[in-house]
Amino acid sequence: MTIYKAPLDDMRFALYDVLGAEAVLTGLDGGDAHTRDLLDAVLDESARFNEQVLAPLNASGDAEGCHYDKASATVTTPKGFKEAYRQYADGGWAGLTAKEEHGGQGLPAVLGLLTKEMIDAANLAWGIYPLLSHGAIDAIEHHGDDWQKEVFLKRLVDGTWTGTMCLTEPQAGSDLGLLKTRAEPNDDGSYRVSGTKIFISAGEHDFTDNIVHLVLARLPDAPAGSRGISMLVVPKFKVNRDGSVGERNTAAAGAIEHKMGIKGSATCVMNFDDAQGWLIGAPHKGLMAMFTMMNAARLGVGVQGLAIAERALQNSLNYARERLQMRALSGPKLPEKPADPLLVHPDVRRMLLTQRAFVESGRVLAAYAGLQSDIEARHPDADKRKEAGELLSFLIPIAKGLITEAAQECTKEALQIFGGHGFIAEHGMEQFVRDARIITLYEGTTQIQALDLLGRKVMQLQGAGLKHFLAEIQAFCKANANNDSVKALVMQLAAATATWGEVTQSLAQKSQANPEELGAAAVDYLYFSGYITLAYFWARSVVAADVLPAERRQAKIDTANFYFARILPRIVLHKAGIEAGVATLPDIA
Ligand SMILES: Cc1cc2nc3c(=O)[nH]c(=O)nc-3n(C[C@H](O)[C@H](O)[C@H](O)COP(=O)(O)OP(=O)(O)OC[C@H]3O[C@@H](n4cnc5c(N)ncnc54)[C@H](O)[C@@H]3O)c2cc1C
């Protein structure tokens, strides 16, 4: 049985001390009430729910998995999942950050991300159901018409129904331009949707009576490729104009996948057979609408990485304190015991510090991105809204790509600390490794995040977000150049940031001669950018740590020093990868 204790102290440190979130949030339109007292109360309540209700279902959900009944095309989720969802919906968690006019609580996005971290740490597989609803809420809020908002959005927000994202098809994974699902218009303004979607999370389950599928499909006159994709809302049970629920729609799960991890999450093959649906937004503009959903979901998946790494860290740290094996190289530390605890061994501390270094800076990154989302939505100054939007869009592939990859390293190190006991199911560590594996794959693989970062956000959009971020880091370095508590780290950060600019310039030139250079450099560029991003948040954490009690302050300083000495230097390797170029990746016949 693994433990989970919500890291509320570190969340509050990231939110208030490092990022000054209270002043930011209360200065936004409609933000008067978003004081520390209110946010703290929500965090406390979320911790209680996740520690007591969801965390105990994590291992049992993995062991039991989901069950599909072919005759009724229904899915039964693991014992306790459905009841936990009822408590979640009754507690108002589904609409925490949705607008008040749609029945939500209108609370800040950053708060939603921190509560999400607790959900995913407690139970990653369960957390996938509300993640998809959240994406559907965002898409209908931004692109739906009044009827769709009244009928679908309100029920997603109050948790009566859940949502899905139906993009992937057998021949269309990363390349959604290849999708074939069709939507033909009916006389009454609705559409008949036909096609097969695969790997659809929460496509069928027993949490709610109805499920709202957001489906990407092609209209009859659609241009080829990704410019010909539309988004439709297709409910499991048809919905009449007055909002009443009608007959069963011809949209059903044909099977569920048998997977390596997240076994409590139902991953479905969905068959749409002339199913009734309605267009969301303009014809052929579905990919744009889906991006609204995907951006929120991608940040959410980054948070999944942070969450599972936090839980793995907590368990491996406990184990390292308790497990007695061998003596310290410098002589016994606990001579009265038969051996010393694992913690005395330097390499065990390296494995623990690696996890802590990623988790704590990843938390600041996720919260920073969440704050940009709040600023973009509600800052009174239009220029600030624009800048925040550019920063957010630049940071999403970094947060998704780097944190999910770091989570692989963290869960691997956590398991390693358990030795052979980590490989054994009863300690729960192997579940973390298996569950974590999906997060670098769905919502766009690491390669797709890297191409989005380098190809789109940096090269195509003239790097607006990168410029803001580099300017912010440079201003921080200047302001702290003589700050004794951090100046050594600042020097290193300033040098790395200057290199970031140079590497980007040189890649831009190289890729003009050969666009393949971008593909050859993208993943190294993602890591390179990500490690510097986390270094910035570590340096800010050290500056902010003055407010902490001595022991926690020292832990922050030690972890920051570890990060700068042992993790940030990885950028040298990635820079070499970027510069090696496409010539080192020859064609394979
Ligand atoms: C458990 C689970 C849940 C999922 N949930 C959903 C869901 O709810 N809704 C949904 O629509 N989909 C969902 N998916 C699908 C998921 O988003 C896709 O699997 C993912 O986008 C990758 O597509 P693919 O599997 O077809 O891989 P492919 O696109 O075939 O890619 C294979 C490999 O090639 C690489 N690659 C592809 N193109 C490039 C390129 N241009 N440059 C460099 N490398 C490239 C990829 O990074 C990857 O390593 C889910 C998948 C799983 C396994």
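Scroll up for the structure.
Counting restarts for each chain: residues are numbered from 1 in the order of the written sequence. With the structure being a predicted model, the display of local features is reserved for residues of pLDDT at least 70 and the display and counting of side-chain atom pairs for 80 or more, all residues being used for whole-chain, interface and lining totals. Just so you know, side-chain values use all the structure's heavy atoms and leave hydrogens and water out.

Novice: I tried to follow the nonpolar core on my own but got confused; where do I start?
Specialist: The nonpolar side chains of a soluble globular protein tend to be buried with one another. Within this scheme, the nonpolar core is defined by two criteria: the residues are buried Ala, Val, Leu, Ile, Met, Phe, Trp, Tyr or Cys, and they are joined through side-chain atoms within 4.5 Å. The buried label goes to any residue with under 20% of its type's maximum accessible area, the exposed label to any with over 50%, and the partly exposed label to all in between, with areas taken from a 1.4 Å probe on protein chains only. In this structure, Phe469, Leu493, Trp500, Tyr525 and Tyr563 are the most contacted members of the largest nonpolar core, which totals 138 residues. The helix count covers DSSP runs of H or I at least four residues long, the strand count covers runs of E at least two residues long, and both are numbered beginning at the N terminus. Residue contributions to this core peak at 17 residues, all from helix H17 (residues 516-544). The contact definition used throughout considers only heavy atoms, calling two residues in contact when any of these lie within 4.5 Å. The residues contacting Leu493, other than those within four sequence positions of it, are Ile473, Phe476, Cys477, Ile532, Ala535, Tyr536, Ala539 and Phe564. Among the nonpolar cores identified, the runner-up in size contains 59 residues, and Leu179, Ala289, Met351 and Tyr442 belong to it.

Novice: Just to check I follow, could you spell out helix H3 (residues 36-54) for this structure?
Specialist: Each turn of an α-helix holds 3.6 residues, which means side chains three or four residues apart point in the same direction. In this model, H3 (19 residues) spans 25 Å end to end at C-alpha, consistent with the 27 Å of a helix rising 1.5 Å per residue. Three or more residues of H3 are buried, namely Leu39, Asp40, Val42, Leu43, Ser46, Ala47, Phe49, Asn50, Val53 and Leu54. Looking at the buried residues of H3, the elements they touch are helix H1 (8-18), helix H2 (21-26), helix H4 (58-64), helix H5 (81-90), helix H6 (109-122) and helix H7 (124-143). Here the expected span of a helix is defined as 1.5 Å times the quantity of residues minus one.

Novice: Quick question: what am I supposed to make of the layout of surface pockets here?
Specialist: Any space left empty among the atoms is revealed by the rolling of a water-sized probe across them. Every definition here rests on a 1 Å grid over the protein atoms only: cavities are sets of points where a 1.4 Å probe fits but cannot get out, pockets are open sets enclosed by protein on both sides within 12 Å along at least five of seven lines, and lining residues have some atom within 4 Å of a point. Grid points are joined across faces, edges and corners, and a volume is the space filled by probe spheres set on the points. Put simply, the second largest pocket is a space of about 650 Å³. Forming the walls of the second largest pocket are 22 residues, and the residues nearest its centre are Asp10, Leu317, Arg356, Glu360 and Arg552. Listed by contribution, the elements that provide at least two residues to the lining of the second largest pocket are H1, helix H9 (286-322), helix H10 (346-378) and helix H18 (550-567). Its residues placed into classes, the lining of the second largest pocket shows 7 nonpolar, 3 polar and 12 charged. For this classification, the nonpolar set comprises Ala, Val, Leu, Ile, Met, Phe, Trp, Tyr, Cys and Pro, the charged set comprises Asp, Glu, Lys and Arg, and every other residue, Gly included, is treated as polar.

Novice: I keep staring at the site of the ligand and nothing clicks. Help me out?
Specialist: If a single non-hydrogen atom of a residue is within 4 Å of a molecule or strand, that residue counts as near it. As a structural note, the neighbourhood of the ligand is formed by 18 residues, with Met165, Thr168, Ser174, Phe199 and Thr445 the closest of them. Taking Leu167, its main chain carries an N or O atom lying 2.9 Å from an oxygen atom of the ligand. Only the protein chains shown count as cover for residues, with accessible areas throughout obtained via the Shrake-Rupley method and a probe of 1.4 Å. Contact with the protein chains covers 62% of the free accessible surface of the ligand, which is 980 Å². Of all the secondary structure elements, the ones that give two or more residues to the shell around the ligand are strand E5 (191-201) and helix H14 (446-460). Side-chain atoms alone can form a polar contact between residues adjacent in sequence; in general such a contact is a pair of N or O atoms within 3.5 Å, and within protein one must be able to donate a hydrogen while the other accepts it.

Novice: Could you clarify how one ought to interpret the pairing of strand E4 (residues 182-185) in this entry?
Specialist: Within a regular strand, side chains alternate between the sheet's two faces. Pairing between strands is defined by DSSP: at least two bridges between them are needed. Of the pairings in the sheet, the one linking E4 to E5 comprises 4 bridges and is antiparallel in character. Pairing of Pro185 across the sheet is with Tyr191, part of E5. In this structure, the hairpin formed by E4 and E5 is closed by a connection of 5 residues, where Gly189 is found at a positive phi of approximately 95 degrees.

Novice: Which parts of the structure should I look at to understand the pairing of strand E11 (residues 267-280)?
Specialist: The buried fraction of E11 is high, at 11 of 14 residues. Taken together, the 5 bridges between strand E10 (residues 251-256) and E11 define a ladder with antiparallel strand orientation. Within the sheet, the bridge partner assigned to Ala251 lies in E11 and is Phe272.

Novice: Would you take a moment to explain the side chain of Thr267 for this structure?
Specialist: Within the fold, Thr267 resides in strand E11. Looking at Thr267, its side chain comes within polar contact range of the side chain of Lys259, at 3.0 Å. Residues in contact with Thr267, not counting those within four places in the same chain, are Phe199, Ile200, Ser201, Ala255, Ile256, Glu257 and Lys259.

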